Amino acid sequence: MTHNDHLYYLDGPISANFPSIAFSTNVYDNPADILGSITDLARYFNAVEFEIGEDAESVFWSMSDDQRLTLARQIRQFTEQHSITLTVHAGWWGRQYNLCASDPGERAQAVNCLSAAVVFSREAGASSVTFHPGYRDHLDNQGLLTNLISAINQVTDRCDTGTLALCLENMGGQRPSFPVFTVEEHVQFHAQTGCFLTIDVTHLCSLFPYGPSLFAAIEALAPITRHLHIADLNDTHHQHLPLGEGNLRLSDVLNRFARNGYRGVAVVEEFIPRFSTEYYLEKALAYKAGVHELCTSRHAG
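Reading the values: the criteria
- Residues numbered from 1 in each chain as written.
- Predicted model: local features only at pLDDT ≥ 70, side-chain atom pairs only at ≥ 80, totals over all residues.
- Heavy atoms only, no water.
- Helix = DSSP H or I, 4+ residues; strand = E, 2+ residues; numbered from the N terminus.
- Rg over C-alpha atoms; globule rule 2.2 N^0.38 Å.
- Buried < 20%, exposed > 50% of the residue type's maximum accessible area, 1.4 Å probe, protein only.
- Lys, Arg positive; Asp, Glu negative; His and termini not counted.
- Charge placed at Lys NZ, Arg CZ, Asp CG, Glu CD.
- Pairing = 2+ DSSP bridges.
- Axes fitted to C-alpha atoms, helices over the stretch in contact; angles between N-to-C directions.
- Contact = heavy atoms within 4.5 Å.
- Core = buried A, V, L, I, M, F, W, Y, C linked by side-chain atoms within 4.5 Å.
- Salt bridge = Lys/Arg side-chain N within 4 Å of Asp/Glu carboxyl O.
- Right-handed = clockwise from strand over helix to strand, strands pointing away.

A.B. asks: Can you walk me through the overall build of the protein in this structure?
C.D. replies: Of the regular secondary structure elements, the protein holds 11 helices and 10 strands. For the protein, the C-alpha radius of gyration of 18 Å lies close to 19 Å, the compact-globule estimate for 301 residues. Expressed along its principal axes, the backbone C-alpha trace of the protein runs to roughly 55 × 45 × 35 Å. In the protein, which comprises 301 residues, the proportion classed as buried is 54%. For the protein, the distance from the average position of its 19 positive side-chain charges to the average position of its 34 negative side-chain charges is 4 Å.

A.B. asks: Help me understand the sheet that holds strand E6 (residues 196–200) in this model?
C.D. replies: Two orientations exist for strands paired in a sheet by backbone hydrogen bonds: parallel and antiparallel. Judged by pairing direction, the barrel is parallel, and its 8 strands sit side by side in the order E1-E2-E3-E4-E5-E6-E7-E10 before closing back on the first. With direction set aside, neighbouring strand axes in the sheet form an average angle of 30°. Lying over the sheet, helix H10 (residues 250–259) contacts strand E1 (20–24), E6, strand E7 (225–230) and strand E10 (265–268), oriented at roughly 175° with respect to E7.

A.B. asks: Got a minute to help me understand the nonpolar core in this structure?
C.D. replies: What tends to happen in soluble globular proteins is that the nonpolar side chains get buried as a cluster. If you look at the biggest cluster of nonpolar residues, it comprises 86 residues, and the most contacted ones within it are Phe23, Phe50, Phe131, Leu148, Phe189 and Leu254. If near-sequence neighbours (up to four positions away) are discounted, Leu148 is found in contact with Leu99, Cys100, Phe131, Pro133, Leu168, Phe181 and Phe189.

A.B. asks: Where do I start with the side chain of Arg107 in this structure?
C.D. replies: Structurally, the position occupied by Arg107 is in helix H5 (residues 104–124). Buried charge without a partner: Arg107 forms no salt bridge, and the closest opposite charge is Asp103, 7.7 Å away. When near neighbours in sequence (up to four residues on either side) are disregarded, Arg107 contacts Asn98, Leu99, Ala101, Ser102, Asn147, Ser150 and Ala151.

A.B. asks: Is there a simple way to explain the pattern of salt bridges in this structure?
C.D. replies: Where side chains of opposite charge bring their charged atoms close, a pairing between them can arise. This model, assessed by the stated rule, comprises 8 salt bridges. Its salt-bridge partner being Arg43, residue Asp40 comes within 2.5 Å of it at the nearest N-O pair. Across the pair Glu80 and Arg76 runs a salt bridge, and its minimum N-O distance is 3.1 Å. A residue pair is termed a helical-turn pair when its members lie 3 or 4 positions apart in one helix, as Glu80 and Arg76 do in helix H4 (residues 65–81) at 4 residues. Overall, the relative accessible area of 53% leaves Glu80 in the exposed class. What emerges from the salt-bridge pattern is a single network uniting Asp11, Asp252 and Arg256.

A.B. asks: Is there a simple way to explain the pairing of strand E9 (residues 237–241) in this structure?
C.D. replies: Here is the key point about a regular strand: its side chains alternate between the two faces of the sheet. By the criterion of burial, E9 is predominantly enclosed, with 4 of the 5 residues buried. Sheet analysis places strand E8 (residues 232–234) next to E9, joined by 2 bridges and oriented antiparallel. In the sheet register, Asn234 faces E9, and the bridge partner there is His237. In this structure, the hairpin formed by E8 and E9 is closed by a connection of 2 residues, where Asp235 is found at a positive phi of approximately 55°.

A.B. asks: How should the pairing of E6 be read in this particular structure?
C.D. replies: Among the 5 residues of E6, 5 are classified as buried, and the element is accordingly described as predominantly covered. Alternating residues of E6 divide into Phe196, Thr198 and Asp200 and Leu197 and Ile199, and every residue in both groups is buried. As judged from the 3 bridges shared by strand E5 (residues 165–169) and E6, these two strands associate in the parallel manner. Opposite Glu169, over in E6, you have Thr198 as the bridge partner. Note on the crossover from E5 through helix H7 (residues 183–193) to E6: the handedness is right-handed. When E6 meets E7, the two strands line up parallel, connected through 4 bridges. Bridging across to E7, Leu197 finds its partner in Thr225.

All quantities given are derived from atomic positions and should not be read as evidence of function.
Written out as structure tokens, the structure reads:
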């Protein structure tokens, strides 16, 4: 089986709700020109994710509240005019984003940062904002989850989220600094906060090999998932390869999410430096075209 055979393999009929393929400013290394990076990607995709990271992160936090709201309104004007779905990825690298922190002061700082991202995202017309849980430190999962739920409930008490979905991103294997919650713990998080999930498919597939355990996880998580991140990987080795560079049966995974209730986009996000931004974009556009052909041919048949 070639890589493309893996990429487009489907076990069963294709869903009419198969996710549309989108792209993140993260793969652009988050340029300082926030609006410019969004408008640039909108030439290729009907949905774009803006990540508060790298140069964009410095610019974002150097702005006053009023300046951020002005930028948000400019983004909303553009996305509404061009029918672009916008999603936002909150900042995640650093202790200032540690929502699982035991220290109340550190956790309060993370609550402040996420709250500011939520206000910006709502004003920008985003459909969802993704956040990471923080760091594992030396806590067990229940301690981490208790701290996280407390922090997120503070955010939702403080912020009018409107139709904006707040989405906890799942973490993956082979990254010991970050907490890895079980499927059941993710469901518990949803039940106790009313917030949803961003499932990074690469993270999920680094924990569950393709097969029954992965299918069961998708069945449980899809109904409470509002956002997907995608990349490729080989077997369960935690990577974020360009699409088609690994052996993940990505189309089948996305189709299973759709068949189990997921309604949203699938965003190419994260990168590894040995591949260029241009190559990630090229492979994403090829997959987007391939998915369109797959959907058209399957539905026509």
